[in-house]
Amino acid sequence: MGPDHTLTELRSMSLAQLESLWMLQAKLEPPRGRYRGHVLRRIGNATSRRPLWRWSERIGFEWIPFGVDFDRRLWFFITRHIAMGRFETQAGPSRWRDTQCIGLTYGVSKLPRVIRSTLYDEVKPLSDRLVLGIGGIHRGRGEGDHFFFALERT
């Protein structure tokens, strides 16, 4: 995918720069290991600006530390011991951009059905230590894509 990026570089990128980075070709094998998450930029579509989504995503991902354990295929919050949101990975076309990515679906999760059927995320490994992602919901382009995030290997 080109030169390795750092979390500091990703944090300093504009939304347009993150969009360009997302469009680059990537290795489409699910990452291994545990990663700490960082919200980078919100994507300003009408759905992501709705108060329910804006506040729940702000609390769950901006205010509370989060991460992803790709070996266990679970999200975790605050500590790796508070894990939920079991997911499956599927490499293929992005739901939100004209590129390939790894989709995260939550049908296998023990979360309430309404939540697991709503959640959807996409990730692209940038290196063995850094993953770029788009967090969102199970809707199409311009509705489901809510924010860019980075995952840094711990």
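Above this text is the structure in question.
Residues numbered from 1 in each chain as written. Predicted model: local features only at pLDDT ≥ 70, side-chain atom pairs only at ≥ 80, totals over all residues. Heavy atoms only, no water.

A. Looking closely at the packing of aromatic side chains. Per the counting criterion, the structure on display carries nine aromatic pairs. When the ring of phenylalanine 87 is compared with that of tyrosine 106, the centres are 6.2 Å apart and the planes differ by 65 degrees; the resulting orientation is edge-to-face. Pair noted here: phenylalanine 87 is in the loop between strand 4 (79–84) and strand 5 (88–93) and tyrosine 106 is in the loop between strand 6 (100–105) and helix 4 (113–116), with a separation of 19 residues, a long-range link. Each of the two residues, phenylalanine 87 as well as tyrosine 106, counts as buried. Taking 5.1 Å as the distance between ring centres and 80 degrees as the angle between the ring planes, the aromatic pair formed by tryptophan 96 and tyrosine 120 counts as edge-to-face. Note that tryptophan 96 is positioned in the loop between strand 5 and strand 6 and tyrosine 120 in strand 7 (residues 119–125), a separation of 24 residues in sequence. Its relative accessible area of 0% is what places tryptophan 96 among the buried residues. The exposure class assigned to tyrosine 120 is buried, which follows from its relative accessible area of 5%. In this structure an aromatic cluster arises from ring pairing among Tyr35, Phe70, Phe87 and Tyr106. Just above the ring of tyrosine 120 sits the side chain of arginine 95; from NZ or CZ to the centre is 3.7 Å. (Phe/Tyr/Trp six-rings, centres within 6.5 Å; stacked < 30°, edge-to-face > 60°. Helix = DSSP H or I, 4+ residues; strand = E, 2+ residues; numbered from the N terminus. Buried < 20%, exposed > 50% of the residue type's maximum accessible area, 1.4 Å probe, protein only. Lys NZ or Arg CZ within 6 Å of the ring centre and 35° of its normal.)

B. Summary view of the pattern of salt bridges. On inspection of all chains with the given rule, the structure shows seven salt bridges. Note that aspartate 69 is salt-bridged to arginine 34, the shortest N-O span being 3.9 Å. Of this pair, aspartate 69 sits in strand 2 (residues 66–69) while arginine 34 sits in strand 1 (residues 34–42); the two residues are 35 residues apart in sequence, bridging distant segments of the chain. With a closest N to O distance of 2.6 Å, arginine 97 and aspartate 145 form a salt bridge. (Salt bridge = Lys/Arg side-chain N within 4 Å of Asp/Glu carboxyl O.)

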